[in-house]
Amino acid sequence: MVKNLTEGKPLKLLFFFAMPMVLGNLFQQLYNMVDSMVVGKFVGEDALAAVGSSFPVVFLAVAVAAGLSMGCNVVISQLFGANQIVSMKTTIYTALITIGVIGLAIMAVGEVVSAPLLQLLGTDTDIMADSLTYLRIYFGGAVFLFIYNTMNGIYNALGDSSTPLRFLMVSALTNIVLDLLFVIRFEMGVAGVAWATLIAQGMCAFISFYVLMRRLYKMDNEEDRLEDKPGLFEIDAVRQIARVGIPSMIQQSIVSLSMMFMQGLVNSYGKVFVAGYTAATKIDTLAMMPNMNFSNAMSSYTAQNIGAKKPERVIEGYKACLLMVVIFGLTITGIIFLFGPNLLGLFLNTGEAGSAMGYGLSYMKTVSVFYILMGLLFVGNGLLRGAGDMKAFMLSSMSNLFVRVIVAYMLAYLIGESAIWWSIPIGWAVGSAFSFLRVRSGKWKDKKIIVRNK
């Protein structure tokens, strides 16, 4: 259901808007979680390490899709907030065509670069074949990934976070059934979990596209422009999306590139360490979901209110989001300290220090203490992105990532493998300082992307 975020109490609006997004991303994470659980338990640690080693490359494709999706989200949110429905529909059609073409291009490129990228990461020869199989099949469904991410951003821009949740629930359950069928029944190994993911994502993309087109057809244009018809493609819409989408894509791509650099360092400690690190990052990624979705909710909320010329509501929403990330951060940290071994036990067998389990526990207990700091960074960046203040958004994001990689490699010579997880909160601290100071300055209020109709 389309929802206007420019009216009502910010705390209540943002909570009920963000919760379906959190749940939706939890289901989305089930794709990778179940992949890892199935191969770790039914194929072996080498297979788990193979999926983990390919993850930074997979994340690069996801990063490009997510960055472009965020460009669509911000522009469409501002148009919706300004009640420019004809322009909004044109932008949506333009976005789907453009990003669909990019998705097809990524499919082709991915098939070619998979092997060189894995070699560049220093992937262990014992797991190279399985890693390459997983990547090539995954890239075969890149167009589904791009189209679905774009439509998810469109739904969120319209204030609807519930519809994507329903799609993801069905898709995740399909993925689980296919994982178990392909790996256990047909003994397809790593290829089985890759095919399961591709099929589930494709199904989700087709259903989501159909529902969105029906909804747009029924949506009335603004009263003073009923005679206007939305276009299928408009170059100005591409430019507006690119203004936010390209910086977001670059930021997300650099996130994935930093992960590749980190994966290279991780791989240098051997496949037992890789397995422990992979399992821990699966739990860590899941734990980060609330903050990531509060950030996305803050972007949509900010963009709609900027479009409606209500910047004072943005600050109210910012404070509400910070309260939520504190509560969720403390809760998740407590869960990890109490049940860390049980969570890692979903992927790994019990072990002491020096085992995959031991490495995973060290990672989780260090990083989880600083989830509130991560929330401050994500919410601030969500506001800046929604306002179209992309230079400040890039500065905050890039400082976090560059500091993380530099600190990890420098500290590795002093404290060994634990430098990998200590570098993460240090990066969050630097990035959150930049975003907080920019939000406090108020300069983001003048960065609106769209021009209101007269």
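All figures in this text were calculated on a predicted structure; none of them were measured in a lab. (Residues numbered from 1 in each chain as written. Predicted model: local features only at pLDDT ≥ 70, side-chain atom pairs only at ≥ 80, totals over all residues. Heavy atoms only, no water.)

1. Thoughts on the overall build of the chain
Move 1: Of regular secondary structure, the chain possesses 14 helices and zero strands.
Move 2: Each helix and strand of the chain, ordered N terminal to C terminal, gives the series α-α-α-α-α-α-α-α-α-α-α-α-α-α.
Move 3: Relative to the globule expectation of 22 Å for 454 residues, the C-alpha radius of gyration of the chain, 21 Å, shows essentially globular dimensions.
Move 4: Along the first, second and third principal axes, the C-alpha atoms of the chain reach 65 × 45 × 35 Å.
Move 5: Considering the chain as a whole, with its 454 residues, one finds that 59% of them fall into the buried category.
Move 6: Partitioning the contacts of the chain with sequence separation of at least 6, the portion at a separation of at least 24 is 85%.
Move 7: Surface summary for the chain: the accessible area is close to 18,300 Å², and the carbon and sulfur share equals 67%.
Move 8: If the 33 positive side-chain charges of the chain are averaged to one point and the 26 negative ones to another, these points end up 9 Å apart. (Helix = DSSP H or I, 4+ residues; strand = E, 2+ residues; numbered from the N terminus. Rg over C-alpha atoms; globule rule 2.2 N^0.38 Å. Buried < 20%, exposed > 50% of the residue type's maximum accessible area, 1.4 Å probe, protein only. Contact = heavy atoms within 4.5 Å. Areas by Shrake-Rupley, 256 points an atom, 1.4 Å probe, with all protein chains shown as cover. Lys, Arg positive; Asp, Glu negative; His and termini not counted. Charge placed at Lys NZ, Arg CZ, Asp CG, Glu CD.)

2. Let's talk about the packing of aromatic side chains
Move 1: Under the definition given, this model contains 14 aromatic pairs.
Move 2: Between the aromatic rings of tyrosine 371 and tryptophan 428, the centroid separation amounts to 6.3 Å while the plane-to-plane angle is 45 degrees, which identifies the pairing as tilted. With tyrosine 371 in helix H12 (residues 371–387) and tryptophan 428 in helix H14 (residues 419–441), this pair connects stretches of sequence that are 57 residues apart. Here tyrosine 371 and tryptophan 428 have matching classes, each one buried.
Move 3: Among the aromatic side chains, those forming a connected cluster through ring pairs are Tyr269, Phe273, Tyr277, Tyr359, Tyr363 and Trp421. (Phe/Tyr/Trp six-rings, centres within 6.5 Å; stacked < 30°, edge-to-face > 60°.)

3. Considerations on the environment of glycine 334
Move 1: Looking at the element boundaries, glycine 334 is found in helix H10 (residues 311–344).
Move 2: By relative accessible area, which is 29% here, glycine 334 ends up partly exposed.
Move 3: Distance in space between the C-alpha atoms of glycine 334 and lysine 365 is 9.9 Å, their sequence separation being 31 residues.

4. Considerations on the packing of helix H9 (residues 271–307) against helix H11 (residues 356–367)
The description of two packed helices rests on the angle between their axes and on the distance between the axes.
Move 1: Between H9 and H11, the least distance of the axes is 7 Å, while the angle of their chain directions is 40 degrees. Between H9 and H11, the angle falls in the class oblique. In this structure, H9 meets H11 at a crossing whose hand is right-handed. Taken together, the residues of H11 that come into contact with H9 (itself represented by Val272, Phe273, Ala275, Gly276, Tyr277, Ala280, Thr281, Ile283 and Asp284) are Ala356, Tyr359, Gly360, Tyr363, Met364 and Val367.
Move 2: Here the contact of H9 with H11 is composed, by residue class, of eleven nonpolar, three polar and one charged. (Axes fitted to C-alpha atoms, helices over the stretch in contact; angles between N-to-C directions. Parallel < 35°, antiparallel > 145°, perpendicular 65-115°, else oblique. Left-handed = near helix turned anticlockwise from the far one by under 90°. Nonpolar A, V, L, I, M, F, W, Y, C, P; charged D, E, K, R; others polar.)

5. Let's talk about the side chain of glutamine 304
Move 1: Counting through the fold element by element, glutamine 304 comes out in helix H9.
Move 2: A polar side-chain atom of glutamine 304 sits 3.0 Å from the main-chain carbonyl oxygen of alanine 157.
Move 3: With near-sequence residues (within four places) excluded, glutamine 304 lies in contact with Lys3, Asn4, Leu5, Thr6, Ser77, Phe80, Gly81, Ala157, Leu158 and Gly159. (Polar contact = N/O pair within 3.5 Å; in protein donor to acceptor, adjacent residues only side chain to side chain.)

6. With respect to the nonpolar core
Move 1: Counting 97 residues, the largest nonpolar core has Met88 and Tyr371 as the members making the most contacts within it.
Move 2: Those residues in contact with methionine 88 that lie beyond four places of it in its chain are Ile76, Leu79, Phe80, Leu158, Leu216 and Met219.
Move 3: In this structure, Leu14, Phe294, Ile306 and Met390 belong to the second largest nonpolar core, which totals 33 residues. (Core = buried A, V, L, I, M, F, W, Y, C linked by side-chain atoms within 4.5 Å.)

7. Considerations on unusual backbone geometry
Move 1: Positive phi outside glycine occurs at asparagine 83, with the angle close to 60 degrees.
Move 2: Tracing the backbone shows asparagine 83 in the loop between helix H2 (45–81) and helix H3 (85–120).
Move 3: Even without being a glycine, lysine 309 presents a positive backbone phi close to 60 degrees.
Move 4: By secondary structure assignment, the location of lysine 309 is in the loop between H9 and H10.

8. Focus: helix H13 (residues 390–415)
Move 1: Here H13 contains 26 residues, and its C-alpha end-to-end distance of 36 Å stays within 8% of the 38 Å for a straight helix at 1.5 Å per residue.
Move 2: One or two residues past the end of H13 sits glycine 416, with phi positive at roughly 75 degrees. (Expected span 1.5 Å × (residues − 1).)

9. Some words on the pattern of salt bridges
Move 1: Summed over all chains, the structure comprises three salt bridges.
Move 2: Note that arginine 215 and aspartate 160 form a salt bridge whose closest N and O atoms lie 2.4 Å from each other. Here aspartate 160 lies in the loop between helix H5 (142–157) and helix H6 (162–185) and arginine 215 lies in helix H7 (residues 190–218), a separation of 55 residues in the sequence. This pair shows no difference in class: arginine 215 is buried, exactly as aspartate 160 is.
Move 3: Residue arginine 438 pairs with aspartate 389 through a salt bridge whose shortest N-O separation is 2.7 Å. With a gap of 49 residues between them, arginine 438 in helix H14 and aspartate 389 in the loop between H12 and H13 connect regions that are remote in the sequence.
Move 4: Judged by its relative accessible area of 21%, arginine 438 is partly exposed. (Salt bridge = Lys/Arg side-chain N within 4 Å of Asp/Glu carboxyl O.)

10. Observations regarding the packing of H2 against H12
Move 1: Interhelical geometry of H2 versus H12 gives an angle of 60 degrees and a closest axis separation of 9 Å. Here H2 contributes Met70, Val74 and Gln78 to the contact with H12, which in turn contributes Arg385, Gly386 and Ala387.
Move 2: Partitioned by chemical class, the residues of the contact of H2 with H12 number three nonpolar, two polar and one charged.

11. Focus: the state of the cysteines
Move 1: Counted under the stated rule, the structure contains zero disulfides.
Move 2: Note on cysteine 72: no disulfide assigned, nearest cysteine sulfur contributed by cysteine 204 at a separation of 17 Å. (Disulfide = S-S within 2.5 Å.)

12. A short note on a nonpolar patch on the surface
Move 1: On the surface, Ile97, Val101, Leu232, Phe233 and Ile235 cluster together into a nonpolar patch covering about 490 Å² of accessible area.
Move 2: Among the secondary structure elements, isoleucine 235 is positioned in helix H8 (residues 235–267).
Move 3: The exposure class assigned to isoleucine 235 is partly exposed, which follows from its relative accessible area of 46%. (Patch = residues over 30% accessible without salt bridge, like charges linked within 9 Å, V, L, I, M, F, W, Y side chains within 5 Å.)

13. Considering the confidence of the model for the chain
Move 1: Looking at the chain as a whole, its pLDDT mean stands at 84, while 93% of the residues score no less than 70.
Move 2: Mean pLDDT values for the elements of the chain range from 78 in helix H1 (residues 10–42) up to 93 in H14. (pLDDT = per-residue confidence, 0-100.)

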